[in-house]
Amino acid sequence: MRSDKYEVNVVKSIIASVVFFIIGIILIVSSIADTISLSKGITDFNEMKCEEFQNGRFVQGTLQFLDNGFAEEYMQEYGSSEKDVTSSYYLMQLLAHGDELKYITVCFSKDTDIETADKMVTEMEEYYESGTMPDNATTMEFTGKVSKLDKEIVQLLYDRLIESDFGLDKEECSKYVCDYCITPCEIDTKSPVVFGTILLLVGVIGFVISVLQFLRIKR
């Protein structure tokens, strides 16, 4: 009985070691990809057209206008009616397109960033009503990473555009959309490599020890 229980624990150790190994590899590969992306430079998103955005690219700049907030992600404890917002999605106009209206999505997760973004949306709404912007209009500087939009977020985006009379359906609204998302981030390619290497080594060592223990049990 004890042997069976010990065997189960050894198998669990093997599985945990494999998980550590895989996570370590993912962190290292991701960090290498970020390093390659950074070697291409960090571009000002206000000077970029839609076709210049690429998945994994790093961008930076001063966010000057936010036209709309259209989606939220949140956590909610079971049995509770309170929602803890974890991410908010907004539409940012791409200035490099000039008179051609084109939006890209910006996603904020920090409470202070969401608060600033909501303030910018309010100022833009007041501008549409009155035709004037505040003397000290709110702006936000940040560095971010570009990614493809999740399918569910894309659907919510088009729902909002249709509600706002940009078009009758997705096809009509698509000319206004650059289907990428900019997410603010801290650039750090060294820590993930170090942490990933540690996890990888722990996984390899743990796997070898666990397998040897397993073989010993089976003798």
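Scroll up to find the structure.
Quantities reported herein were computed from a predicted structural model and do not represent experimental measurements.

Topic: the nonpolar core
Alright, step 1. With 23 residues, the main nonpolar core has F53, L66, M92, F108 and I182 as its most contacted residues.
Alright, step 2. A71, V154, L157 and C173 belong to the second-largest nonpolar core, a separate cluster that totals 16 residues.

A closer look at the environment of L91
Alright, step 1. The topology assignment puts L91 in strand 4 (residues 84-93).
Alright, step 2. Among the residues examined, L91 registers a relative accessible area of 3% and is labelled buried.
Alright, step 3. In sequence terms L91 and A71 are 20 residues apart; their C-alpha atoms lie 10.0 Å from each other.
Alright, step 4. The residues contacting L91, other than those within four sequence positions of it, are L66, D67, N68, F70, Y103, I104, T105, L157 and L161.

Topic: helix 2 (residues 111-130)
Alright, step 1. Between its first and last C-alpha, helix 2 extends 29 Å over 20 residues, near the 28 Å set by a 1.5 Å rise per residue.
Alright, step 2. Every buried residue of helix 2 is accounted for by D113, I114, A117, M120, V121, E123 and M124.
Alright, step 3. Those residues of helix 2 that are buried are in contact with strand 2 (58-63), strand 3 (68-75), strand 4, strand 5 (103-108) and strand 6 (140-148).
Alright, step 4. Positive backbone phi, approximately 85°, marks G131, located one or two places after helix 2.

A word on the pattern of salt bridges
Alright, step 1. Taken as a whole and assessed by the stated rule, the structure comprises 2 salt bridges.
Alright, step 2. Across the pair K148 and D179 runs a salt bridge whose closest N-O atoms are separated by 3.4 Å. Highlighted residues: K148 in strand 6 and D179 in strand 7 (residues 177-184), separated in sequence by 31 residues.
Alright, step 3. When its relative accessible area of 44% is taken as the criterion, K148 is described as partly exposed.
Alright, step 4. D179 sits in the partly exposed class, given a relative accessible area of 35%.
Alright, step 5. Close ionic contact of E163 with R160 constitutes a salt bridge, the shortest N to O distance being 3.5 Å.

What counts and what doesn't
- Residues numbered from 1 in each chain as written.
- Predicted model: local features only at pLDDT ≥ 70, side-chain atom pairs only at ≥ 80, totals over all residues.
- Heavy atoms only, no water.
- Core = buried A, V, L, I, M, F, W, Y, C linked by side-chain atoms within 4.5 Å.
- Buried < 20%, exposed > 50% of the residue type's maximum accessible area, 1.4 Å probe, protein only.
- Helix = DSSP H or I, 4+ residues; strand = E, 2+ residues; numbered from the N terminus.
- Contact = heavy atoms within 4.5 Å.
- Expected span 1.5 Å × (residues − 1).
- Salt bridge = Lys/Arg side-chain N within 4 Å of Asp/Glu carboxyl O.

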